[in-house]
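One letter stands for each residue in the lines below.
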Amino acid sequence: MGDSRLEPLVLSETERQALSNWVKRRTTAQGLALRARIVLACAEGGPNLAVAARLGVNRGTVAKWRTRFLRDRLDGLADEPRPGVPRTITDAQVEEVVVRTLEETPPGGTHWSKRELAKAVGISPASEPFPTPSCSGVVGLTTW
């Protein structure tokens with residue numbers, strides 16, 4: 001029997017279908033699929049502890065995703081932005097670095113050094129907007 005203190009989690013048919021699709025789809029991120037399974041199990045009824053035991057997760061995890069779903073519905077299951085230092089360079093600066101790297105050579109040289117390029121663009125060499133695997137997705141490059 002369900003815990004009467006828990007707010008009932010009732011799904012619309014559209015929500016139930018979306019959650020089921022996330023669980024079944026092979027390309028769904030595993031975290032999102034788990035959240036979808038948690039919400040579907042909560043909608044069937046029962047306390048958080050029973051849902052947690054059935055899915056092999058912590059009771060607090062079930063409580064968190066039940067609460068987020070009740071507050072924000074499907075949008076509440078998406079990952080929230082992670083904390084950390086915001087980017088210090090813009091996409092335009094990254095693009096300028098890439099364009100200069102691919103289309104220009106430095107005066108008196110055959111290729112850019114990291115420091116020369118950073119100085120020419122007006123950013124710190126530690127900014128790392130240079131064509132590397134970590135930033136190539138930002139500007140659509142592929143590295144060799």
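Please read these numbers as outputs of a predicted model, since none were measured by experiment.

Cut-offs and rules
Residues numbered from 1 in each chain as written. Predicted model: local features only at pLDDT ≥ 70, side-chain atom pairs only at ≥ 80, totals over all residues. Heavy atoms only, no water. Core = buried A, V, L, I, M, F, W, Y, C linked by side-chain atoms within 4.5 Å. Buried < 20%, exposed > 50% of the residue type's maximum accessible area, 1.4 Å probe, protein only. Helix = DSSP H or I, 4+ residues; strand = E, 2+ residues; numbered from the N terminus. Contact = heavy atoms within 4.5 Å. Axes fitted to C-alpha atoms, helices over the stretch in contact; angles between N-to-C directions. Parallel < 35°, antiparallel > 145°, perpendicular 65-115°, else oblique. Left-handed = near helix turned anticlockwise from the far one by under 90°. Nonpolar A, V, L, I, M, F, W, Y, C, P; charged D, E, K, R; others polar.

Asks: Any chance you could explain the nonpolar core here in plain terms?
Replies: In globular proteins that are soluble, nonpolar side chains generally tend to be buried together. Core analysis: the biggest nonpolar cluster contains 16 residues, and Leu11, Leu19, Val39, Phe69 and Leu77 have the highest contact counts within it. Secondary structure elements with two or more residues in this core: helix 1 (13-24), helix 2 (30-43), helix 3 (48-55) and helix 4 (59-72). Here the element with the most residues in this core is helix 2; it accounts for six residues. Every residue in contact with Leu19, bar those within four places of it in the chain, is listed here: Leu11, Ala36, Val39, Leu40, Phe69, Leu74 and Leu77. Judged by nonpolar contacts, the second largest core, of eight residues, contains Ile89, Val94, Ala118 and Val121.

Asks: Looking at this structure, I do not really get the packing of helix 5 (residues 91-103) against helix 6 (residues 114-121). What am I missing?
Replies: Relative orientation and spacing of two packed helices are given, respectively, by the angle between their axes and the distance between those axes. Between helix 5 and helix 6, whose axes approach to 10 Å, the crossing angle comes to 125°. Classified by the interaxial angle, the pair formed by helix 5 and helix 6 is oblique. Crossing hand, helix 5 versus helix 6: right-handed. Residues Gln93, Glu96, Val97, Arg100 and Thr101 of helix 5 form the contact with helix 6, whose participating residues are Leu117, Ala120 and Val121. Of the residues belonging to the contact of helix 5 with helix 6, the class tally is four nonpolar, two polar and two charged.

Interpretation note: all reported values are geometric properties and have no functional meaning in isolation.
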